[in-house]
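Notes for the structure review
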Amino acid sequence: MEALQQIIDSILHTEHLSPFLVVGILILAGFAGGWVAKLLKLPHVTGNIFGGVVVGPACLGLIGTHEQLHDLQPLSTFAMSLVAVSIGGHLSYRRIHNSLRRIISISLLEVGCSVVTVMTAARLFGMDWPTSCLLGAISASTAPATTIALIRESRAKGPFVKTLISAVALNNILCILLFVMMRTFVTSYFESGETAGKIDDALILSGYHLVGALALGLAAGWICKVLVSKPKFHDFTTILLAIMLLDGLAAYLQLSPLLVNLFFGVFLGNSSEVAERQLTTLVPLEPILYVCFFTLAGVSLHIDAMLAVGVLALIYFFARVLGKSIGAALGGLLGKCSRRIWQNMSFALYPQSGIAIGLVILLSNDAYIPAEIIQAVSAIILAGVTLAEIAGPFCTKAALARSGEAGRDRERLVEFLAEEFIVVNLKAADKWDAIRQLVAFMMRTHRVEHITQEELYQSVVNREKDMSTGMGRNIAIPHGHIEKGPEIQGVMAICRDGIDFDSPDGEPVKIIMLIITPEDKKDMHLKVLSSLSSMVRDDAIRSRLIAAISPEDAMEVIESKEARDYNYFLD
């Protein structure tokens, strides 16, 4: 009977559950929560988090002991690293080259305003300046995993999504650097009673985190690029191993795994076509990893910490929300982006989770900062994260819907009509000069491989010499052919001064669309030409395109209701 009693006792003690069973419970709870969220038309992320809350210590207590959470930390780190690689890949110069102004201005101002508002609020409500500084630095981060998951759930695509992902990437880089500096100042204050003399130490440590992560990430990217270009190396295995090694090396060198993997993704996104394809290699793993990550976040939510700090957590949460909202709006206005982008960006950056929790863990290992300050910062941040992960996904999903870009991540007839492939106010001596400039622009913004810029130029020129591609009504669609390529590619230029293209009506051309078609896409070529021709022949669309003052402005016209019937979805 004693043996039977031992068996029953071991079953009833959930802290002894096998890690496999813990992960299984985690996945089942996440899927169940996601299913309920779908029925209630809530974000899946919210459902996953609540699923974790239900099976965690705050409710049923099936899982969530300190040992279990510690054992699952590598899973959480790997999921965050995968998100970081994906976000880094979106920082491709080809994609953001003509939207850098708004991305940088939004990122800098929303980070700056959130830090200032949180620090100000903390001081106004009686917190000491070391606590205020640490809270301000950590408040800058936005949850990249939550953002990416909501974008994919909404199937969103467009200038707003591009700006949001880039801003999240930059604000996490800035957050980590700010935290290192603030932590150095606070540590030096309690160690020696002064901070002014430690500015150089703070800058050196921040530089080490930035340069070290950059060097490690770029080196790994270059190695992976070399390996995946050889047939004997399996893409999936290579990238999986690379992320694991980067996580391990980052921990060994005391660098941020997020920063290292983000720069790894940046290299892949800006390297060769083969390297860029590796960004999608681990996509099959993403759904299950995201479910585990967000459900684990729900298990880890510190409801008790939120109740303990109470008002202070609310002050932190609302001060951060205010800072993010004001900063994003001001950044959008300064960056001269459309009203649609800056208005919705102002409430798309509220989620906060993994990075903030990771910084709190780093802070807890500091021997020089008093325990009471560490405990206060940890309790307020964990409570703030709880609030942000409950309310934040609703706001981000609403922003994606209001931006008009939800449901647009689908194949369209003309895929190259995107902001990054548009140039406004083109200046050219004649049509041959215009074609040369557009071919050069095409080579910079597309993966046009297996052909040189001069060969591509001659292909377009030869076609133009056979018959002018000026179509009348201020429109020209020059085009050329290449032997092979992934799809039909193109760029658009707006020339308000007009260029003589030998058009049938004799009118100067002000809208030029250069199209390059692979030999195996000739059937689709005619459909694309017909669609483009019909769209720009619409008087309202054409006049608005000619008046566009920026690529984003032109993209707003292309994505308008009047133009959607011409560039329709294929599914």
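Above this text sits the structure in question.
Anyway, here's the lowdown on the structure attached to this text.

Parameters at a glance
Residues numbered from 1 in each chain as written. Predicted model: local features only at pLDDT ≥ 70, side-chain atom pairs only at ≥ 80, totals over all residues. Heavy atoms only, no water. Helix = DSSP H or I, 4+ residues; strand = E, 2+ residues; numbered from the N terminus. Rg over C-alpha atoms; globule rule 2.2 N^0.38 Å. Buried < 20%, exposed > 50% of the residue type's maximum accessible area, 1.4 Å probe, protein only. Contact = heavy atoms within 4.5 Å. Phe/Tyr/Trp six-rings, centres within 6.5 Å; stacked < 30°, edge-to-face > 60°. Lys NZ or Arg CZ within 6 Å of the ring centre and 35° of its normal. Salt bridge = Lys/Arg side-chain N within 4 Å of Asp/Glu carboxyl O. Axes fitted to C-alpha atoms, helices over the stretch in contact; angles between N-to-C directions. Parallel < 35°, antiparallel > 145°, perpendicular 65-115°, else oblique. Left-handed = near helix turned anticlockwise from the far one by under 90°. Nonpolar A, V, L, I, M, F, W, Y, C, P; charged D, E, K, R; others polar. Disulfide = S-S within 2.5 Å. Expected span 1.5 Å × (residues − 1). Bend = angle between axes of the 7 residues up to and from the residue.

Secondary structure summary: the protein chain contains 26 helices and six strands in total. The C-alpha atoms of the protein chain give a radius of gyration of 26 Å, which matches the 25 Å a tight globule of 571 residues would have. Out of the 571 residues in the protein chain, the part that is buried amounts to 54%. In the protein chain, the share of contacts with a sequence separation of at least 24, taken over all contacts with a separation of at least 6, comes to 80%.

A few words on the packing of aromatic side chains. All chains considered together, the criterion is met by two aromatic pairs. Considering the side-chain rings of Phe 317 and Phe 318, the 5.1 Å spacing of their centres and the 75 degrees angle between planes classify their relative orientation as edge-to-face. Phe 317 sits in the buried class, given a relative accessible area of 12%. The aromatic ring of Tyr 457 is capped on one face by Arg 436, whose charged end is 3.9 Å from the ring centroid.

So, on to the pattern of salt bridges. Across all of its chains, the model carries 14 salt bridges by this definition. For Glu 556, the salt bridge goes to Arg 340, with nearest N and O atoms at 2.6 Å. Placement of Glu 556 in helix H25 (residues 551-558) and of Arg 340 in helix H18 (residues 339-345) is noted, with a sequence separation of 216 residues between them. Here Glu 556 falls in the partly exposed class, since its relative accessible area comes to 22%. One network of salt bridges, with partners in common, ties together Arg 102, Lys 162, Glu 419, Glu 420 and Glu 552.

Okay, the side chain of Ser 99 next. When you line up the elements, Ser 99 lands in the loop between helix H6 (93-96) and helix H7 (100-124). The exposure class assigned to Ser 99 is buried, which follows from its relative accessible area of 2%. In this structure, Ser 99 is in contact with Lys 162 and Glu 419, ignoring residues within four places of it in sequence.

Axis separation between helix H3 (residues 44-55) and helix H15 (residues 286-300) bottoms out at 6 Å; the angle between their running directions is 50 degrees. What the angle tells us is that H3 and H15 run oblique. Here the hand of the crossing between H3 and H15 comes out right-handed. Of H15, the residues touching H3 (which contributes Val 45, Asn 48, Ile 49, Gly 51, Gly 52, Val 53 and Val 55) are Val 291, Phe 294, Thr 295, Gly 298 and Val 299. Class assignment for the residues of the contact of H3 with H15 results in seven nonpolar, five polar and no charged.

Before going further, it helps to spend a moment on the state of the cysteines. Two cysteines form a disulfide when their sulfur atoms are joined by a covalent bond. This structure, assessed with the given rule, holds zero disulfides. Of all cysteine sulfurs, the one in Cys 292 lies closest to Cys 59, which takes part in no disulfide; the gap is 20 Å. For Cys 59, a relative accessible area of 47% gives the class partly exposed. Here Cys 133 stays unpaired: no disulfide links it, and the sulfur of Cys 175, its closest cysteine neighbor, is 14 Å away.

Over its 32 residues, helix H20 (residues 371-402) extends 44 Å from the first C-alpha to the last, a length consistent with the 46 Å expected when each residue adds 1.5 Å. The largest bend in H20 amounts to roughly 35 degrees and is located at Ala 391, with the proline Pro 393 lying one to four residues further along. In the segment just after H20, Gly 404 is the residue with positive phi, at about 85 degrees.

This next bit is on unusual backbone geometry. Phi at Lys 336 is positive, roughly 55 degrees, even though this residue is not glycine. Tracing the sequence through the fold places Lys 336 in the loop between helix H17 (311-334) and H18. Since its relative accessible area comes to 61%, Lys 336 is described here as exposed. The phi torsion at Arg 473 lies on the positive side, around 60 degrees, for a residue other than glycine. Owing to a relative accessible area of 33%, Arg 473 belongs among the partly exposed residues under this scheme.

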